[in-house]
Amino acid sequence: MPSYDLIIRNGTLGTSTGTLPADLAIKDGKIAEIGSNIAKSGPEMDATGLLVLPGGVDSHCHIEQLSGAGLMNADTFESATRSAAFGGTTTTISFAAQHPGMRLRDTVSNYAKLAEKGALIDHAFHAIVADVSGENLTHDLPALIAAGHRSIKIFTTYDKVRLDDEAILETLCTARDHGALVCFHAENDGLIRWATKRLLAAGKVAPKYHPASHPRLAEVEAISRMCYLSQAADQPIMIFHVSTVEGLEVLAQARARGVQVVAETCPHYLLQGPELLDQPNGAAFMCSPPQREPTDRAALWAALANGDLQAVTSDHAPYRMDETGKFAHGSDAPFNRIANGMPGLEARLPLMFDAMMQRGLSIADFVRLTATNPAQVFGLAGKGDIAIGMDADIAIWDPAHKRTFGENDLHDNCGYNPFAGYTVTGWPVTVLSRGAVVVQNGKIIGKPGQGRRVPMQISDAMKPANRL
Ligand code: DUC
Ligand code: ZN
Ligand code: ZN
């Protein structure tokens, strides 16, 4: 008779393909058996009335990172991954951010040390490439890719970190030669600068003018251009945080030409509008791209339902509402000098569980969009689903638990919740990472440093079609 480390009994398992009532046994951090009559062999957990889902994979979160504007965000790996675990997420992919003048290999190795010390859950990194000079592309990036850092992030805007088209093409070619995915923050830099200059000159400096400074055409143009560069280099890409209906149309047109492009959106583009910025604490809701219109939200929801968008990530970018964060340039700084971003690691899954169930999506849709797809796109073997042999990264949900978010009830270091007042039904009550309990009964049990780096394997989303 096998002896298991833990059996979770009487729950309903939720996988990327459906649900089934079953018990689940864990051995050595992995799912070892799924069935209805697993013999008792050690510790047990009762999940009667609960859903046993894979822990979330948040493939877009900014942790302990210098922003494009050179500001350190509010979270350490410890605080961010604690917050993630409370929200049912068990794997993060955050950003090792190169700034011009830095060697890429040092950027990633220094960042890995922070994660090794602080992370409570498993993790991987995207390498932000902001300087392609010297040996960064010829030596460092291939070596990093070989070591399992198979995701590259590029900004098309933000002065300090953006790359021009030629540098983007060179990076796409390096990714193609060595097996990596290139992801984009896609907004047209010139359009943003032009709009910003005109707004400031007209004295329109408050946070409520931020959306006008990031026109929707900036996103549409840059997504389109990145799709053409992907086509030219014959290398797949990923577009981060799609916010507009026209952005979705551009993606559909590119796919019809054969461009291999996957894309994500985030809870704030699905649930929030730009009117939130027109209030005294409007800076709390500033992000780029900005929240858009009801028609955009409807189109994004439709794209999640029909498969045109592959993932919902948090874009967790925590800046406190004080001089260490949003107001580093003064409490009356103009919108273009206020840090962009909101905390989202913890609220992502409860928000999406509630919103998806309300809109008629299935548990399997929720699992795929928040865990399975991001794990598969980034080649995180063993993550993002419930099946024998997968890592026992599990979130046990009470689907009936109702909660209204408070002003400052998250476990990160950000000090506010941009979804305060929002009521959700469904909550992760127990969270396991590789079989070990990290959150139970509202308490953190996991320890900093117990998370491991997950090397990325070459995924289908990274492979060129060989049309060159
Ligand atoms: N926009 C970004 O590009 N990154 C972090 C947060 C944000 O709002
Ligand atoms: Zn971005
Ligand atoms: Zn981001």
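My aim in this report is to walk through the structure given alongside it, one point at a time. Model, not experiment: these values are computed from the prediction.

### Focus: the site of ligand 1
Now for step 1: Taken together, the neighbourhood of ligand 1 is formed by H62, Y158, H185, C287, S288, D315, A317, N340 and G341.
Now for step 2: In this structure, Y158 approaches ligand 1 through a side-chain N or O atom, which is 3.3 Å from an oxygen atom.
Now for step 3: Within the backbone of S288, an N or O atom sits 2.8 Å from an oxygen atom of ligand 1.
Now for step 4: When isolated, ligand 1 has an accessible area of 240 Å², and the protein chains bury 93% of it.
Now for step 5: Split into classes, the residues belonging to the shell around ligand 1 amount to three nonpolar, five polar and one charged.

### Quick word on the coordination of the zinc ion (ligand 3)
Now for step 1: Those protein atoms acting as donors to the zinc ion (ligand 3) are H60 (NE2), H62 (NE2) and D315 (OD), and they sit at 2.0 to 2.1 Å.
Now for step 2: Here the donor residues of the zinc ion (ligand 3) are spaced in sequence according to H-x1-H-x252-D.
Now for step 3: Separation of the zinc ion (ligand 3) from the zinc ion (ligand 2) amounts to 3.5 Å.
Now for step 4: Owing to a relative accessible area of 0%, H60 belongs among the buried residues under this scheme.
Now for step 5: Classification of H62 by relative accessible area gives buried; the value is 9%.

### Quick word on the side chain of T89
Now for step 1: With respect to the helices, strands and loops of the structure, T89 is situated in strand β7 (residues 89-97).
Now for step 2: Overall, T89 belongs to the buried group, its relative accessible area being 0%.
Now for step 3: A polar contact of 3.3 Å, which involves the side chain of T89, links it to the side chain of R348.
Now for step 4: Those residues within four positions of T89 in sequence are excluded, and the remaining contacts are G56, D58, A84, I121, L345, R348 and L349.

### Observations regarding the pairing of strand β8 (residues 122-128)
Now for step 1: Of all the seven residues making up β8, seven are buried; the element is thus mostly covered by neighbouring parts of the structure.
Now for step 2: Of the two faces of β8, both are covered, the one formed by D122, A124, H126 and I128 as well as the one formed by H123, F125 and A127.
Now for step 3: Strand direction decides the pairing type here: β7 and β8, joined by seven bridges, are parallel. Across the sheet, the residue bridging to S94 is F125, located in β8.
Now for step 4: Since β7 and β8 lie parallel, the crossover through helix α2 (residues 104-118) that links them has a hand, and here it is right-handed.
Now for step 5: Looking at chain direction, β8 and strand β9 (residues 151-155) are connected through two bridges and run parallel. Across the sheet, A127 pairs through a bridge with I152, a residue of β9.

### Points about the packing of helix α7 (residues 216-233) against helix α8 (residues 245-256)
Helix-helix packing is described using two parameters, namely the angle between the two axes and the distance between the axes.
Now for step 1: Running from N to C, α7 and α8 cross one another at 15 degrees; their axes reach a closest spacing of 8 Å. With respect to each other, α7 and α8 are oriented roughly parallel. For the pair α7 and α8, the sense of crossing is right-handed. Along its contact with α7, which presents R216, E219, V220, I223, S224 and C227, the element α8 presents V245, E246, G247, V250, L251 and A254.

The rules behind these values
- Residues numbered from 1 in each chain as written.
- Chains lettered and ligands numbered in written order.
- Predicted model: local features only at pLDDT ≥ 70, side-chain atom pairs only at ≥ 80, totals over all residues.
- Heavy atoms only, no water.
- Near = heavy atom within 4 Å.
- Polar contact = N/O pair within 3.5 Å; in protein donor to acceptor, adjacent residues only side chain to side chain.
- Areas by Shrake-Rupley, 256 points an atom, 1.4 Å probe, with all protein chains shown as cover.
- Nonpolar A, V, L, I, M, F, W, Y, C, P; charged D, E, K, R; others polar.
- Donors = N, O, S within 2.8 Å, 3.2 Å for Na, K, Ca; no water.
- Buried < 20%, exposed > 50% of the residue type's maximum accessible area, 1.4 Å probe, protein only.
- Helix = DSSP H or I, 4+ residues; strand = E, 2+ residues; numbered from the N terminus.
- Contact = heavy atoms within 4.5 Å.
- Pairing = 2+ DSSP bridges.
- Right-handed = clockwise from strand over helix to strand, strands pointing away.
- Axes fitted to C-alpha atoms, helices over the stretch in contact; angles between N-to-C directions.
- Parallel < 35°, antiparallel > 145°, perpendicular 65-115°, else oblique.
- Left-handed = near helix turned anticlockwise from the far one by under 90°.

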